[in-house]
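Take a look at the letters that make up each chain.
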Amino acid sequence: MVDAPVRRVPGRLTAPPPGWTTTSDVVVIGSGIAGLTAALRLRGQVDKILVVTKDVLAAGSTQWAQGGIAAALGPEDTPEQHEVDTLVAGAGACDAEAVRILVNEGPEAVRELIALGTKFDHSPDGELSLTREGGHHRDRIAHAGGDATGAEIQRALIAAIEQAPEIEVVQHALAVDLLLDGPLEEGGGIAGVTLHVMGEGQRDGVGAVHCRAVVLASGGLGQVFSQTTNPAVSTGDGMAVALRAGAVLRDLEFVQFHPTVMYLPDSRGQQPLISEAVRGEGAFLVDFEGNRFMQGVHELADLAPRDVVAKAITRRMNETGRPHMWLDARHLGAAFWERRFPTILATTRSHGIDPVTQLIPVAPACHYASGGVRTDLFGRTSVPGLYATGEVACSGVHGANRLASNSLLEGLVFSRRIADVLPGELRPPSVPAVDGRTAGLVPGAVRRELQEVMTSRVGVLRNAEGLSDAAQLLDKLAGLRADAVDQESWETTNLLTISAALTDAAALREETRGSHWREDFPERDDARWAGHFDVVMTDGETTLRFDAEPATDRGVS
Ligand code: SIN
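**Student:** Teacher, can you tell me more about the overall build of the protein here?
**Tutor:** Along the protein, the regular secondary structure elements total 14 helices and 24 strands. Relative to the globule expectation of 24 Å for 557 residues, the C-alpha radius of gyration of the protein, 22 Å, shows essentially globular dimensions. The dimensions of the protein, computed from C-alpha atoms along their principal axes, are 65 × 55 × 45 Å. A burial count over the protein gives 62% of its 557 residues as buried. Pairs at least 24 apart in sequence give 74% of the contacts found in the protein among residues at least 6 apart. Total accessible area computed for the protein in this model is approximately 19,800 Å², and 50% of it derives from carbon and sulfur atoms.

Below you can see the structure in the form of structure tokens.
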């Protein structure tokens, strides 16, 4: 049994009465690969589709993806081999069936992306160029523009959306809350969403969209931490609105820290990623004495799964008292750097480091939420009419640690599956129930304090004392109230809600597994902890329950 804390966090939020109301069949929240794929695949199957996005269409994480998209497309590769690598990285916490779907449907989904107009890189003989990243035993990462894969995919998807007049887009729209047509226990489900729109003509301010289904594709929670590769929009909004509406969140403690993020002293917020593909092309890690410390740690050395590399770097930083380690990619040479990694080259140079002649200072930073809104194999959540896909979702494919370049693929594959079932499951049109809302916004000004404590106490290395310190601070912040009802306080409230649940799950999981690293419980413990923490909210109180399930990696590591 698990002695789970009950934590009071802001419940349903108080929004001013909607200044405007509109209707749609489906609202897609988010505009990265997951959201836009869902919208495009739903086209022609439902009458009205509204895509809402918090910033501009291209502002989310997809745009920033460097490495690429993994799929068994090469002659030497098979979905089964991709499956094994995914399960091993996931450290016994994957949903085996979800992984099977990912690797088997992945190749066709990538071919469809190519047919849509995405221009992946090819070798001189015209073959799709496939490379390798951490945890992969085959070359299977398709990439574009060298290290600009996400930007190219985003470009192609936006171009397709622009050719689809039946899909309406509202930018600068923050999803505040989901609206239900009745209590879940009485058969209620999705009936709409409230939005806060900033400066979009007649739809300015708070409004409501009445709809028959919502697809959440709003990305991750990286901004919970003070250093992250995630863009500013990744404030966990989708997870928080789903939780407040009664959906179950799963595996929040499994936050992946990317091992090689450029170290910039005193910098906060989004940090420059040095793609794992750089190591895939032969770069290696060294300490301040020039020792290649990954050798002997894992059979794949510098290309070990991400959690192994992040832990080895952190361990060496702690042993030597240094704030970072080094990545040596000088031997790749100027021409190779310019062709294969033009974006990273420009970024490092803009920060005063030329990787052609200098070592790159690197340290781990928050990169990816493996958990999220729990879904079934068709993206359905526990709230009827609410679907989730991409980083906001927990489909089960990542387990305790996502395999490199599986995230774009997950968004693609599971959005297609949502579009296969959603049109037949539309809820009857209805007017959302007016619920008794309680005030609960925390001040935006506490964001920095929250992010600092999450990085220092709930980051790469965790222990009971640090997690308890973090929980105490979060409790204190939850008691504060914002003066203003604005985007900053809504986002900060979402960050707080997710941080509290994540911290509680991390404190309860007394073992080390995948990306969850407990200094005080350094071993994986399948006897106690094979399974998942689910987070639920009732009347503004979150609680966790443990769902025990056998480990799925067949003991391979
Ligand atoms: C990277 O390029 O290292 C990141 C790719 C990913 O997160 O899957």
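Structure's up, so let's keep going.
**Student:** How do you make sense of the sheet that holds strand β2 (residues 20-23) when you look at a structure like this?
**Tutor:** Pairing between the strands of a sheet is mediated by backbone hydrogen bonds and can be parallel or antiparallel. Taking strand neighbours across the sheet as the criterion, the 4 strands line up as β2-β11-β10-β9 in an open arrangement whose pairing is mixed. Among the strands making up the open sheet, the edge pair consists of β2 and β9 (173-180). Here the strands of the sheet are splayed against their neighbours by 25° on average, with no regard to which way each runs. Relative to strand β10 (residues 190-197), β9 is paired through 7 bridges, and the arrangement is antiparallel. Within β10, the residue paired with D177 across the bridge is T194. On the sheet, helix α13 (residues 487-508) packs against β9, β10 and β11 (205-210) and is oriented at approximately 60° with respect to β9.

**Student:** Sorry if this is basic, but what is going on with the pattern of salt bridges here?
**Tutor:** If you walk through the whole model with that rule in mind, you get 44 salt bridges. Notably, a salt bridge pairs E112 with R41, separated by 2.7 Å at the nearest N-O pair. Remark: R41 occurs in helix α1 (residues 33-42) and E112 occurs in helix α3 (residues 96-116); sequence separation between them is 71 residues. The partly exposed category is assigned to E112, whose relative accessible area is 31%. By relative accessible area, R41 is classed as partly exposed at 27%. A salt bridge links R100 to E83; its shortest N-O distance comes to 3.4 Å. Linking R100 in helix α3 with E83 in helix α2 (residues 79-89), this pair joins segments that are 17 residues apart in sequence.

**Student:** Could you clarify how one ought to interpret the side chain of D307 in this entry?
**Tutor:** Looking at the secondary structure, you find D307 in helix α7 (residues 306-320). Classification of D307 as buried rests on a relative accessible area of 12%. Other than its neighbours up to four places away in sequence, D307 contacts N401, G514 and S515.

**Student:** Would you mind going over the sheet that holds strand β12 (residues 213-216) with me for this structure?
**Tutor:** On the basis of which strands lie adjacent, the open sheet formed by 5 strands has the order β8-β4-β3-β12-β21 and parallel pairing. With one partner strand each, in any of the chains shown, β8 (167-170) and β21 (386-388) form the two edges of the open sheet. The sheet shows a mean angle of 20° between the axes of neighbouring strands, taken without regard to direction. Where strand β3 (residues 26-29) lies against strand β4 (residues 49-52), 4 bridges are found, and the strand directions are parallel. When the sheet's bridge partners are listed, V27 is paired in β4 with L50.

**Student:** Help me understand the packing of aromatic side chains in this model?
**Tutor:** Any aromatic ring pair is given by two values, namely how distant the centres are and how the planes are angled relative to each other. Tallied over the full model, the rule gives 7 aromatic pairs. Here the aromatic rings of F533 and F546 are separated by 4.9 Å at their centres, their planes lie at 50°, and the arrangement is tilted. Pair noted here: F533 is in strand β23 (residues 531-538) and F546 is in strand β24 (residues 541-548), with a separation of 13 residues, a long-range link. Its relative accessible area of 1% is what places F533 among the buried residues.

**Student:** Would you explain the packing of helix α11 (residues 447-458) against helix α12 (residues 464-478) in this entry?
**Tutor:** How two helices pack is summed up by the angle between their axes together with the distance between the axes. With their axes 9 Å apart at the nearest point, α11 and α12 run at an angle of 165° to one another. Viewed along their axes, α11 and α12 adopt a mutual orientation that is roughly antiparallel. Here the hand of the crossing between α11 and α12 comes out left-handed. Every residue of α12 that contacts α11 at E449, L450, V453, M454, R457 and V458 is listed here: G466, L467, D469, A470, L473, L474, K476 and L477. Residue composition of the contact of α11 with α12, grouped by class: 9 nonpolar, 1 polar and 4 charged.

**Student:** Looking at this model, I keep getting lost on the site of the ligand. Mind explaining?
**Tutor:** Taken together, G67, E133, H258, L273, S275, E276, R306, H367, R402, A404 and S405 make up the full set of residues adjacent to the ligand. Note that an oxygen atom of the ligand is positioned 3.0 Å from one of the side-chain N or O atoms of R306. Between an oxygen atom of the ligand and a main-chain N or O atom of S405, the distance comes to 2.6 Å. Protein burial of the ligand: of its 260 Å² of free accessible surface, 94% is covered by the chains. Of the residues assigned to the shell around the ligand, the class counts are 2 nonpolar, 5 polar and 4 charged.

**Student:** Just checking my understanding: could you explain unusual backbone geometry for this structure?
**Tutor:** The general pattern is negative phi for most residues beyond glycine and trans for most peptide bonds. Even without a glycine there, the phi angle at A91 is positive, about 55°. Considering the arrangement of structural elements, one finds A91 in the loop between α2 and α3. Judged by relative accessible area, which is 10%, A91 ranks as buried. Despite not being glycine, S405 shows a phi value in the positive range, around 65°.

**Student:** I tried to follow the side chain of S267 on my own but got confused; where do I start?
**Tutor:** Following the sequence through the fold, S267 ends up in the loop between β15 (255-262) and β16 (269-270). Classification of S267 as buried rests on a relative accessible area of 18%. Here Q271 takes part through its side chain, which lies 3.0 Å from a polar atom of the side chain of S267.

**Student:** Even after reading the chapter, I still don't get helix α8 (residues 333-340), so can you show me in this structure?
**Tutor:** Residue pairs spaced three or four apart in an α-helix point in one direction, given the helix's 3.6 residues per turn. Taken together, the buried positions of α8 are occupied by F336, W337 and R340. Buried residues of α8, viewed axially, fall in a sector of 100°; they line one side. Those residues of α8 that are exposed and angled more than 90 degrees off the buried face are A335 and R339. Packing partners of the buried residues in α8 comprise β6 (130-131), α6 (276-280), α9 (342-350) and β19 (360-369).

Rules of the game
- Residues numbered from 1 in each chain as written.
- Predicted model: local features only at pLDDT ≥ 70, side-chain atom pairs only at ≥ 80, totals over all residues.
- Heavy atoms only, no water.
- Helix = DSSP H or I, 4+ residues; strand = E, 2+ residues; numbered from the N terminus.
- Rg over C-alpha atoms; globule rule 2.2 N^0.38 Å.
- Buried < 20%, exposed > 50% of the residue type's maximum accessible area, 1.4 Å probe, protein only.
- Contact = heavy atoms within 4.5 Å.
- Areas by Shrake-Rupley, 256 points an atom, 1.4 Å probe, with all protein chains shown as cover.
- Pairing = 2+ DSSP bridges.
- Axes fitted to C-alpha atoms, helices over the stretch in contact; angles between N-to-C directions.
- Salt bridge = Lys/Arg side-chain N within 4 Å of Asp/Glu carboxyl O.
- Phe/Tyr/Trp six-rings, centres within 6.5 Å; stacked < 30°, edge-to-face > 60°.
- Parallel < 35°, antiparallel > 145°, perpendicular 65-115°, else oblique.
- Left-handed = near helix turned anticlockwise from the far one by under 90°.
- Nonpolar A, V, L, I, M, F, W, Y, C, P; charged D, E, K, R; others polar.
- Near = heavy atom within 4 Å.
- Polar contact = N/O pair within 3.5 Å; in protein donor to acceptor, adjacent residues only side chain to side chain.
- Arc of directions from axis to C-beta.

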